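One-letter residues, chain by chain:
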Amino acid sequence: MKEYGQKKEELLRILGKMGSQDLAVAFSGGVDSSLLLKLACVQAAKGGRKVWAVTVRSELQPRKDLEIAAAVAKETGADHRILEVRELETEGIRNNSRERCYLCKKLLFGCIRDFAAERGISVILEGTNEDDLHVYRPGIRALRELGIRSPLAEAGFTKKEVRRLAGEYGISVAERPSAPCLATRFPYGTKLIPAELEKAELGENFLHEQGFGTVRMRIHGDLVRLEVPQDELFHLLERRETVTEYLHRLGYRYVAADLEGFRSGSMDAPAKGTES
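Here's what I pulled together on the structure shown here. As the structure is a prediction and not an experimental result, all values here were calculated from the model. (Residues numbered from 1 in each chain as written. Predicted model: local features only at pLDDT ≥ 70, side-chain atom pairs only at ≥ 80, totals over all residues. Heavy atoms only, no water.)

## Section: the overall build of the protein chain
Argument step 1. Along its length, the protein chain carries 11 helices and 7 strands.
Argument step 2. Compactness check: the protein chain gives a C-alpha radius of gyration of 19 Å against a globular reference of 19 Å for 276 residues, within 12% of the reference.
Argument step 3. Counting across all 276 residues of the protein chain, residues that qualify as buried make up 49%.
Argument step 4. By sequence separation, contacts in the protein chain at least 24 residues apart represent 75% of the contacts at least 6 residues apart.
Argument step 5. Total accessible area on the protein chain is roughly 13400 Å²; 50% of this is exposed by carbon and sulfur atoms. (Helix = DSSP H or I, 4+ residues; strand = E, 2+ residues; numbered from the N terminus. Rg over C-alpha atoms; globule rule 2.2 N^0.38 Å. Buried < 20%, exposed > 50% of the residue type's maximum accessible area, 1.4 Å probe, protein only. Contact = heavy atoms within 4.5 Å. Areas by Shrake-Rupley, 256 points an atom, 1.4 Å probe, with all protein chains shown as cover.)

Shown next, in the form of structure tokens:
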């Protein structure tokens, strides 16, 4: 297994080979894509080339993500562009099918690829890391089909190592918690409605304000199941009256704390290991 230093050298080598041409980076404002964008800009500057940070305004992403993406893109010096996409017009996405992630990535990256082609850009980068390759991520298949490059995964960078290198480069979102799309808060087969997505976003924003850095609201009809790290469960119980009062106002009848704590991708549990 490669050591961190070896992975870092490999990542810079991969990006160095690409730095002789203009690049497009699929950019969400999360730590993975922010690190990738920063490194792409550093390498491209050596050859006097341009890097486009391309963010898709998504119906399934928290609204604050767009503000964060704009701020981080400005830090890196990339040329930031925002594309508009209406994912919920696609039935398989709107109905939250098990192929939702595949269909969504196919749609979003198809738009990014069109954007890049209009500017003569042949290489598009995105921030999948090594850890993502070992969990249920049907969207990765779409990336492969579209020829999108994933330098972090190619160099073997884990999420922890991504945060470490982002910190070394002084990237402001180096410790930002992961923020997957809001569709992951609902069981597969649940019709995704904008009003319900907004409620999930409002609820999680409120919980962040209560001091929870990592939290997921898993929504099952009128029941909401709260996932926080196990060492924060007691704090959740301490805040139960405040939390339940707010969530009841949002329209949830039942509020439950998940005793297993936060698990990334917990809605995917029955399908783990099925993605090649």
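Still more to cover.
## Some words on the sheet that holds strand 3 (residues 79-84)
Argument step 1. As summarised here, the arrangement of the 4 strands in space is 3-2-1-4, forming an open sheet in which the pairing is parallel. Since the sheet does not close on itself, it has two edges, and those belong to strand 3 and strand 4 (124-125), each with one partner.
Argument step 2. Pairing analysis gives 6 bridges linking strand 2 (residues 51-57) to strand 3, with the strands arranged parallel. When the sheet's bridge partners are listed, valine 56 is paired in strand 3 with leucine 83.
Argument step 3. Packing of helix 2 (residues 31-46) onto the sheet brings it into contact with strand 1 (23-26), strand 2 and strand 4, and relative to strand 1 it is tilted by some 170 degrees.
Argument step 4. Contacting strand 1, strand 2, strand 3 and strand 4, helix 5 (residues 100-118) crosses the sheet at an angle of about 145 degrees to strand 2. (Pairing = 2+ DSSP bridges. Axes fitted to C-alpha atoms, helices over the stretch in contact; angles between N-to-C directions.)

## Here's the deal with unusual backbone geometry
Argument step 1. A positive phi angle is found at asparagine 96, which is not glycine, with a value near 55 degrees.
Argument step 2. Take asparagine 96: it is sitting in the loop between helix 4 (91-94) and helix 5.

## Things to note about the pattern of salt bridges
Argument step 1. Using the criterion set out here, one finds 28 salt bridges in the structure.
Argument step 2. The salt bridge involving lysine 106 is made with glutamate 145; its shortest N-O contact spans 2.5 Å. Of the two residues, lysine 106 is situated in helix 5 and glutamate 145 in helix 6 (residues 139-146); the sequence distance between them amounts to 39 residues.
Argument step 3. Exposure remark for glutamate 145: the relative accessible area of 41% places this residue in the partly exposed category.
Argument step 4. The partner of glutamate 245 in a salt bridge is arginine 249, with the nearest N and O atoms 3.4 Å apart. One end of the pair, glutamate 245, and the other, arginine 249, are both in helix 11 (residues 240-250), 4 residues apart, so they sit about a helical turn from each other. (Salt bridge = Lys/Arg side-chain N within 4 Å of Asp/Glu carboxyl O.)

## Here's the deal with the packing of aromatic side chains
Argument step 1. The tally for this structure, following the rule as stated, stands at 3 aromatic pairs.
Argument step 2. Relative to phenylalanine 157, the ring of tyrosine 4 lies with its centre 6.0 Å away and its plane at 65 degrees, an arrangement referred to as edge-to-face. Of the two residues, tyrosine 4 is situated in helix 1 (residues 4-18) and phenylalanine 157 in the loop between helix 7 (151-154) and helix 8 (159-168); the sequence distance between them amounts to 153 residues. The same class applies to tyrosine 4 as to phenylalanine 157, namely buried.
Argument step 3. Aromatic side chains tryptophan 52 and phenylalanine 115 sit 5.5 Å apart centroid to centroid with 80 degrees between the ring planes, which places their arrangement in the edge-to-face category. Here tryptophan 52, found in strand 2, pairs with phenylalanine 115, found in helix 5; they are 63 residues apart in sequence, far enough to count as distant. With respect to burial, tryptophan 52 and phenylalanine 115 carry one shared label: buried.
Argument step 4. Over the ring of phenylalanine 115 we find arginine 119; its NZ or CZ atom is 3.7 Å from the centre of that ring.
Argument step 5. The positively charged end of arginine 141 is found above the aromatic ring belonging to tyrosine 102, 4.0 Å away from the centroid. (Phe/Tyr/Trp six-rings, centres within 6.5 Å; stacked < 30°, edge-to-face > 60°. Lys NZ or Arg CZ within 6 Å of the ring centre and 35° of its normal.)

## Comments concerning the environment of lysine 7
Argument step 1. Position of lysine 7 among the secondary structure elements: in helix 1.
Argument step 2. Classification of lysine 7 by relative accessible area gives buried; the value is 6%.
Argument step 3. Filtering out sequence-adjacent residues up to four positions away, lysine 7 remains in contact with Lys2, Ala155, Gly156, Phe157, Thr158 and Glu161.
Argument step 4. Polar side-chain contacts of lysine 7 include one of 2.9 Å to the backbone oxygen of glycine 156. (Polar contact = N/O pair within 3.5 Å; in protein donor to acceptor, adjacent residues only side chain to side chain.)

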